[in-house]
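Here's the letter readout for the chains.
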Amino acid sequence: KQQEVQSEKSYDTQCPFCSVQCKMQLLEQSIVTRKKYVTIGKDNPASEGRLCIKGMNAHQHALHNERLKFPLLKINGEFIQVSWEQALEHIKENFYEIQAKDGLNALSVYGSASITNEEAYLLGKFARVALKTKYIDYNGRLCMSAAASAATQTFGMDRGLTNSLSEIPFTKCIILAGTNIAECQPTIIPYFEKAKENGAFIIAIDPRETATTDLADLHMKVKPGKDAALANGLLKVLIEEDLIDHEFIRKRVDSFEEVKEYITSLDLEEIAHMTGVSADQIRFAAKTFGQGESGMIFTARGVEQQTDGSAAVRNFLNILLVTGKIGKPNSGYGAITGQGNGQGGREHGQKADQLPGYRSIENDEHRSYIASVWGIDKGDLPRKGVSAYEMIEKIHEGEITGMFLMCSNPIVSNPNADFVKKALKKLKYLVAVDMFVSETAKLADVILPASSYLEDEGTMTNLEGRVTLREASFPSPGHAKHDWQIICEIARVLGKGEYFSFQSAEEIFNELRVASRGGTADYYGITYDRLRKEGGILWPCPDIEHVGTKRLFEKAFAHPNGKAAMTLVPNSPNVPKEEPTKEFPLFLTTGRVMSHYLTGVQTRKSSSLAARNFESFMEIHPKTAKEYHIKNHTLVKIESKRGSIIVRSKWSEKIRQDTIFVPFHWADSQNINLLVSKELDPVCKMPGFKVSAVKIAPLVES
Ligand code: SF4
């Protein structure tokens, strides 16, 4: 019998687990002698009050009794509880020693796209001003770098969605390329369902059938790694059938003729052979998209996490440019961000090559402006560093000997994970900031206890570019601190307190606003007061009277001449960089399941979420499984050039016969990234997570 709730308190918050940033309420119910917690959705423009299973259970990890409550210091291989003063003193001595012996750049910073905008901003400033190191990058490199690079190259700026979510129901044709929204961002699926009800034609491009492809009218089961070539096929039909917008191209697009010349030289049958998608399907998809009076294209990690991910995304953007379906109502592009602050995390200076406001660290004017905001000499601002995985290589090379790691788990999330683990073990000094003792934090010399989404106030920017304010609901447990407080404390003991004297997240935001002013990601007109009153504001928002920008590129693109830049993406036999061989005959592709987030540090702590998927698995076509003598639900060894793992098989006719799928939320012997190729996209340095070559065998002969 249900026990009666005697009293109830409610706390407004936001889900930490994906880029939709659903608003929600945590209800604290008192029942006799115990408290019960329930999370419910709250109305907002992005998710309209909906929540998925992760949001409903987010409080379980935040209230978990394994949360870190004190700083931990490793002595003789064991962690002992210490005071903040002791931990900070230890960090100061070791940071000083490393930089004195090995140079300023020997210290590195590894950030996160799950922290608030204020913390992302502060971390970039901390690296450049307090540590004076060029080596800072973050886990968003593994997530958003291809889409960000493609949009910047093509449009001159990068905001996840060029139009707000509310326009999706009114578009006439949608291409979903390498995105599994139904599992990863489930609360926005109703926008696509409404579009379908309104007569939209949906085309999905994915090597697997998923809950998202089920929504599609046409599913093109592309061969892993061949998305860019498929986009060339679509472009060919559009150009040859004259389904292009000549006036739009003439007025608003650069370099079309050069691309056209290449595209028309291609053979559609060859593309069909290369991509595994029939010429008829390519023709039909292109015609349907071209003939629609409006259209949108969405990409996600399936297209982006490739060794040519940035080029593949650029080619999908080329489709929008030739058809003129951008900068107009119900027509545009969307990169479906994964991490909670995947958008904001990439705007404020955590990237190796970037300063706040999406400024370039190599641009003299940009350097001068940010140096003036920070009150330092431009000459003291470090130059460009290297990407996340390349920092790991720098550890092996001995150039980086210390690391400050914030809310990230790189030994599980990076490709070639054993190489990454060996690198972090090699460091002279590692400081990890986390809520739990993650797999990476175990290797640290000091672990600093961080606050969760329930405790940490700050702004987040959702996949649309909508800036929202997440208020703090709870005090941090024990002696845990907010990430921004931790950064300020370390800067203070390092003698840089004058640059980090912030007393609140709002004070940091006010500096961020100024730092972003005039940049492409301009937050200057956004204030905490406005966010409290208005709920959320879409950037760019250059002044306090500005209502925010719902739709981008209506009049001009962000390149200096106002035009978009088409770029040729040749079909390359070297893409993907790793393909099946006689020894490793199958494609491995990886991705998410609905109940887990990233490396699972948080969601594996939630009993309800862990119960839904308590272990990893290998999805395999039954015909392939039989060929390799693998029964359903039995243990199987998967092996690549880099290592092996053991997981349970799951037969499914929804996957291509030459491909297996394994999710990436598990660590240790189930960590699929132990197998994943370390090859990087040469432009954006995104690892090619989505395509590796593997062999499989039953663990026990069946
Ligand atoms: Fe919303 Fe994403 Fe959280 Fe699900 S995981 S509740 S879709 S923010």
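Only a predicted model underlies this, so the values are computations on that prediction, with no experimental measurement involved.

## Section: the sheet that holds strand S7 (residues 136–138)
Right, on to step 1. Spatially, the seven strands line up as an open sheet ordered S5-S4-S18-S17-S16-S6-S7, and their pairing is mixed. Because the sheet does not close on itself, it has two edges, and the strands there are strand S5 (78–81) and S7. The average angle at which neighbouring strand axes cross in this sheet is 20 degrees, direction not considered.
Right, on to step 2. Where strand S17 (residues 429–434) lies against strand S18 (residues 446–449), four bridges are found, and the strand directions are parallel. Following the sheet pairing, Asp434 is matched in S18 by Pro449.

## Focus on unusual backbone geometry
Residues other than glycine predominantly adopt negative phi, and peptide bonds predominantly adopt the trans conformation.
Right, on to step 1. Between Trp539 and Pro540 the backbone carries a cis peptide bond, its omega angle lying at 0 degrees.
Right, on to step 2. Within the element layout of this structure, Pro540 appears in the loop between strand S21 (537–538) and strand S22 (564–565).
Right, on to step 3. With an omega of -5 degrees, the peptide bond between Val575 and Pro576 qualifies as cis.
Right, on to step 4. Note on placement: Pro576 falls in the loop between S22 and strand S23 (586–591).
Right, on to step 5. For Asn330, which is not glycine, the phi dihedral falls at a positive 65 degrees.
Right, on to step 6. Along the chain, the position of Asn330 falls in the loop between helix H14 (309–323) and strand S13 (332–335).
Right, on to step 7. Exposure remark for Asn330: the 21 C-beta atoms within 10 Å place this residue in the buried category.
Right, on to step 8. Of note, the phi angle at His633 is positive, near 60 degrees, even though the residue is not glycine.
Right, on to step 9. By secondary structure assignment, the location of His633 is in the loop between helix H23 (622–627) and strand S25 (635–640).

## A closer look at the domain arrangement of the protein chain
Right, on to step 1. Segmenting the protein chain into domains produces domain 1 (72–142 + 341–538), domain 2 (145–336) and domain 3 (586–698).
Right, on to step 2. Here domain 1 and domain 2 have C-alpha centroids that lie 34 Å from each other.
Right, on to step 3. On the domain 2 side, the residues contacting the nine residues of domain 1 number nine residues.
Right, on to step 4. Classifying every residue of the side of domain 1 that touches domain 2 by side-chain character gives three nonpolar, three polar and three charged.

## A short note on the packing of helix H8 (residues 227–240) against H14
Two numbers describe a pair of packed helices, the interaxial angle and the distance between the axes.
Right, on to step 1. The N-to-C vectors of H8 and H14 enclose an angle of 15 degrees; their axes lie 8 Å apart at closest approach. On the basis of the axis angle, H8 is roughly parallel to H14. For the pair H8 and H14, the sense of crossing is left-handed. Residues Asp227, Ala228, Ala231, Asn232, Leu234, Leu235, Leu238 and Ile239 of H8 lie in contact with H14, whose contacting residues are Ala311, Ala312, Asn315, Phe316, Asn318, Ile319, Val322 and Thr323.
Right, on to step 2. Of the residues contributing to the contact of H8 with H14, the split by class is 11 nonpolar, four polar and one charged.

## Some details on the site of the ligand
Right, on to step 1. Around the ligand, the structure places 14 residues, and the nearest of them are Cys15, Cys18, Cys22, Cys52 and Gly55.
Right, on to step 2. Looking at the shell around the ligand residue by residue, the class counts come to eight nonpolar, five polar and one charged.

## Concerning the pairing of S13
Right, on to step 1. Both faces of S13 are covered, namely the face carrying Gly332 and Gly334 and the face carrying Tyr333 and Ala335.
Right, on to step 2. The sheet contact formed by strand S12 (residues 296–299) and S13 spans four bridges and is parallel. Bridged to Phe298 within S13 is Gly334.

## What to know about the sheet that holds strand S9 (residues 201–205)
Two modes of strand pairing occur in sheets, parallel and antiparallel, and in both the strands are linked by backbone hydrogen bonds.
Right, on to step 1. Strand order across the open sheet formed by five strands is S10-S9-S8-S12-S13, with parallel pairing between neighbours. Of all strands in the sheet, those bounded by a partner on one side alone are strand S10 (218–220) and S13. Sheet twist, expressed as the average angle between the axes of neighbouring strands with direction ignored, equals 15 degrees.
Right, on to step 2. As paired strands, strand S8 (residues 173–177) and S12 are joined by four bridges and run parallel to one another.

## Notes on the nonpolar core
Right, on to step 1. In this structure, Phe126, Ile174, Ile203, Leu234, Leu430 and Ile487 are the most contacted members of the largest nonpolar core, which totals 211 residues.
Right, on to step 2. Non-local contacts of Ile174, meaning those with residues more than four positions away in its chain, are made with Phe192, Ala195, Ala200, Ile202, Ile203 and Met296.

## Let's talk about helix H15 (residues 364–374)
Right, on to step 1. Listed as buried for H15 are His366, Tyr369 and Ile370. Down the axis of H15, the sector holding all buried residues measures 90 degrees, keeping them to one side. Facing away from the buried side of H15 by more than 90 degrees, the exposed set consists of Asp364 and Ser368.
Right, on to step 2. Against the buried residues of H15 lie strand S14 (354–355), strand S15 (359–360) and helix H20 (505–516).
Right, on to step 3. Note on H15: the residue one or two positions beyond its end, Gly375, has a positive phi of about 70 degrees.

## Section: the confidence of the model for the protein chain
Right, on to step 1. Summarising the model, the protein chain shows a mean pLDDT of 95, and 99% of its residues fall at 70 or more.
Right, on to step 2. What the predictor reports for the complex is a pTM of 0.95 with an ipTM of 0.99.

## Here we look at the pairing of strand S3 (residues 34–41)
Right, on to step 1. Pairing between strand S2 (residues 23–31) and S3: eight bridges, direction antiparallel. Across the sheet, Ile31 pairs through a bridge with Arg34, a residue of S3.
Right, on to step 2. In this antiparallel pair of consecutive strands, S2 and S3, the connection spans two residues, and Val32 shows a positive phi of 50 degrees.

## Digging into the environment of Glu619
Right, on to step 1. Here Glu619 shows up in strand S24 (residues 617–620).
Right, on to step 2. In this structure Glu619 comes out as partly exposed when scored by C-beta crowding, with 19 C-beta atoms within 10 Å.
Right, on to step 3. On a C-alpha basis, the gap between Glu619 and Gln86 in space is 48 Å, while along the polypeptide they are 533 residues apart.
Right, on to step 4. Among residues more than four places away in sequence, those in contact with Glu619 are Lys650, Ser652, Ile655, Ile660 and Phe661.

About the criteria used
Residues numbered from 1 in each chain as written. Predicted model: local features only at pLDDT ≥ 70, side-chain atom pairs only at ≥ 80, totals over all residues. Pairing = 2+ DSSP bridges. Helix = DSSP H or I, 4+ residues; strand = E, 2+ residues; numbered from the N terminus. Axes fitted to C-alpha atoms, helices over the stretch in contact; angles between N-to-C directions. Buried ≥ 20, exposed ≤ 12 C-beta atoms within 10 Å, placed from the backbone. Domains from an automatic or database assignment. Contact = placed C-beta atoms within 7 Å. Nonpolar A, V, L, I, M, F, W, Y, C, P; charged D, E, K, R; others polar. Parallel < 35°, antiparallel > 145°, perpendicular 65-115°, else oblique. Left-handed = near helix turned anticlockwise from the far one by under 90°. Near = placed C-beta within 6 Å. Core = buried A, V, L, I, M, F, W, Y, C linked by C-beta atoms within 7 Å. Arc of directions from axis to C-beta. pLDDT = per-residue confidence, 0-100.

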